[in-house]
Amino acid sequence: MIILFTDFGLEGPYIGQVQAVLAREAPGAPVINLFADAPVHNPKASAYLLAAYCTEFPLDTVFLCVIDPGVGSAERRPMVVHADGRWFVGPDNGLFNVIGARATHSMAWAIDWRPERLSATFHGRDIFAPVAASIATGQPLLGPEVHSWVRGGWPADLWEVVYIDHFGNAMTGVRANTLEPDAVLQTGGLRIKRASTFSEVLKGEFFWYENANGLAEIAVNQGRAADWAEIRVGRPVTLA
């Protein structure tokens with residue numbers, strides 16, 4: 001299957017155009033739109049989110065990933081990564097850094113293939129989608145192997161909010177299994193204790209919990225954590 005992980009949003013033509021290319025180049029391959037609202041223009045926050053969610057998918061899944069504020073620039077190259085049996089296609093801007101750092105085995109290749117018609121600003125449609133389709137159909141368009149592509153200096157976990165979901169819950173880039181059971185998180189002046197699930201706290205009360213994909217997530221029982229002014233993507237989170 002092919003998984004879409006982008007910051008395109010659901011409005012407008014962008015997701016549809018990418019899906020159209022995939023339908024043309026890999027007919028019959030299931031295409032799942034996992035995230036269309038990944039942190040906009042933020043490959044670093046998106047990298048921790050992608051790493052948390054990709055492991056739920058079977059081996060040989062192809063992830064088409066586009067958080068690409070540097071699209072078209074000479075400094076950033078299109079690339080393919082194969083990490084622990086899964087494929088990732090997208091820009092070499094750090095988006096696959098966490099996956100590479102955590103992987104037992106990984107390889108990466110530059111994408112030097114180009115279509116006859118190439119937009120300067122829509123490589124998701126014109127480069128990444130055809131390459132993802134080529135991998136899904138067993139004929140990968142791989143360029144030269146890239147060595148030492150994982151950037152150094154990134155933390156094992158990102159201590160900030162990386163995503164706000166539909167319910168107003170705030171996912172952090174911290175794996176919950178790295179925290180003590182009684183850990184108290186803090187953001188701004190807010191101290192947040194742990195609970196296992198929503199029903200363990202009173203209505204309207206803040207808490208944090210291990211979400212379904214293993215991240216520490218800040219929530220309010222029957223409310224929206226994101227309505228508190230301090231909580232937004234990029235907001236630092238610390239241990240109290």
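In this report, the structure presented in the accompanying data block is examined. (Residues numbered from 1 in each chain as written. Predicted model: local features only at pLDDT ≥ 70, side-chain atom pairs only at ≥ 80, totals over all residues. Heavy atoms only, no water.)

Compared with the 20 Å implied by 1.5 Å per residue over 14 residues, the 18 Å span of helix 4 (residues 123-136) between its first and last C-alpha is a close match. At A129, helix 4 is bent by approximately 30°, the largest bend along its length, and proline P130 sits one to four residues beyond. In terms of burial, helix 4 is largely enclosed, as 13 of its 14 residues are buried. (Helix = DSSP H or I, 4+ residues; strand = E, 2+ residues; numbered from the N terminus. Expected span 1.5 Å × (residues − 1). Bend = angle between axes of the 7 residues up to and from the residue. Buried < 20%, exposed > 50% of the residue type's maximum accessible area, 1.4 Å probe, protein only.)

What follows is about unusual backbone geometry. Backbone geometry places D84, a non-glycine residue, at a positive phi of 50°. Following the sequence through the fold, D84 ends up in the loop between strand 4 (78-83) and strand 5 (86-91). Relative accessible area serves as the criterion here: at 34%, D84 is assigned to the partly exposed category. If you check the backbone angles, Q222 has positive phi at about 60° while not being a glycine.

Attention now goes to the nonpolar core. Ranked by size, the top nonpolar core spans 35 residues in total, and within it F5, L49, L50, F63, V81, F88 and F96 carry the most contacts. Broken down by secondary-structure element, the contributors of at least two residues to this core are strand 1 (2-6), helix 2 (43-54), strand 3 (62-66), strand 4, helix 3 (97-102), strand 6 (106-110) and strand 8 (158-164). With 9 residues, helix 2 is the single largest residue contributor to this core. In this structure, V81 is in contact with R86, W87, F88, F96, M107, A108 and W149, ignoring residues within four places of it in sequence. Counting 25 residues, the second-largest nonpolar core is a separate cluster that includes V80, W87, A129 and A133. (Core = buried A, V, L, I, M, F, W, Y, C linked by side-chain atoms within 4.5 Å. Contact = heavy atoms within 4.5 Å.)

Quick look at the environment of P144 now. When you line up the elements, P144 lands in the loop between helix 4 and strand 7 (145-146). The class for P144 is partly exposed, based on a relative accessible area of 45%. In sequence terms P144 and A110 are 34 residues apart; their C-alpha atoms lie 5.6 Å from each other. Sequence-distant contacts of P144, defined by excluding residues within four places in its chain, comprise A108, W109, A110 and D112.

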